[in-house]
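Here is what each chain is made of, one letter per residue.
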Amino acid sequence: MTTPHGIDPSVPPGGTGCPECDAGGGWWFHLRRCAQCGHIGCCDDSPGKHATAHARDSGHPVIRSFEPGEAWFYDYETSQVYASGPPLAPPESHPADQPTPGPAGRVPADWADRLG
């Protein structure tokens, strides 16, 4: 992947978890990072689907996984997945000691049955 529109490599992530889930006392399965503004949102398997909502509402088309050990990107405009892309400002993922799903203490016991 080359650096297309929708990616700003200088912008750091906006936090370590999904702020919309945090505000509502919710939980997430996996996290995604907006490659343009650094917003962290939960994936489409999470109850809130906040990463996709952010892309739709902001017009920012590209996300990157915010999971440790993952470097793939996804472009909502083209529906393409890229195995890698340009380096983004650190950190590249949520803290390794942050559980998945997360955050700790808010994940229901039947979380797997609730995935989207």
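Here, the structure is the one placed above.
To keep things clear, this report deals only with the structure shown in the data block. Because the structure is predicted, anything quoted here is derived from the model rather than measured. (Residues numbered from 1 in each chain as written. Predicted model: local features only at pLDDT ≥ 70, side-chain atom pairs only at ≥ 80, totals over all residues. Heavy atoms only, no water.)

1. Here we look at the pairing of strand β1 (residues 31–34)
In plain terms, the rule: Note on classification: 1.4 Å probe, protein chains only; a residue is buried when its accessible area is under 20% of the maximum for its type, exposed when over 50%, partly exposed between these limits. Under the DSSP-based scheme used, a helix requires at least four consecutive residues in state H or I and a strand at least two consecutive residues in state E, with every element numbered from the N terminus. When DSSP locates at least two bridges between a pair of strands, those strands are taken to pair.
Alternating residues of β1 divide into L31 and R33 and R32 and C34, and every residue in both groups is buried. Judged from the three bridges that link them, β1 and strand β2 (residues 40–42) form a sheet pairing that is antiparallel. Residue pairing in the sheet places R32 in a bridge with G41 of β2. The antiparallel pairing of β1 with β2 creates a hairpin that spans five residues between the two strands, and G38 there sits at a positive phi of about 85°. The pairing of β1 with strand β3 (residues 62–65) spans three bridges and is classified as antiparallel. Along β3, the bridge assignment pairs C34 with I63.

2. So, helix α2 (residues 50–58)
Quick reminder of the rule: Working rule for contacts: check all heavy atoms of both residues, and any pair within 4.5 Å makes them a contact.
Within α2, burial applies to H50, A51, T52, A53, H54 and A55. Buried residues in α2 make contact with α1 (19–24), β1 and β2. Of the residues flanking the end of α2, it is G59, one or two places downstream, whose phi is positive at about 80°.

3. Focus on the pattern of salt bridges
For clarity, the cut-off: The term salt bridge refers to a side-chain nitrogen of Lys or Arg lying within 4 Å of a carboxyl oxygen of Asp or Glu.
For the structure on display, the rule yields four salt bridges. Of the charged contacts, one joins R106 and D22 as a salt bridge, the two residues approaching to 2.6 Å between their closest N and O atoms. Of this pair, R106 sits in the segment after β5 (80–82) while D22 sits in helix α1, and the two are 84 residues apart along the sequence.

4. A look at the nonpolar core
Keep this limit in mind: Residue types Ala, Val, Leu, Ile, Met, Phe, Trp, Tyr and Cys, when buried and joined through side-chain atoms within 4.5 Å, form a set referred to as a nonpolar core.
Residues C18, C21, W28, L31, I40, C42 and F66 constitute the largest nonpolar core, which totals seven residues. With sequence-adjacent residues up to four places away left out, L31 is seen in contact with T16, G17, C18, I40, G41, C42, S65, F66, E67, H94 and Q98. Counting five residues, the second-largest nonpolar core is a separate cluster that includes I7, A35, V62 and L88.

5. Considerations on the sheet that holds β2
What counts here: Every angle, taken between N-to-C directions, lies between 0 and 180 degrees, and every axis is a line fitted to C-alpha atoms, over only the stretch in contact when it is a helix.
Strand order in the open sheet formed by five strands is β2-β1-β3-β4-β5, and the pairing between neighbours is antiparallel. Two strands close off the open sheet at either side, each with one partner strand: β2 and β5. Across the sheet, the axes of successive neighbouring strands diverge by a mean angle of 30°, strand direction being ignored. In the packing of α2 onto the sheet, contacts are made with β1 and β2, and the angle to β2 comes to roughly 125°.

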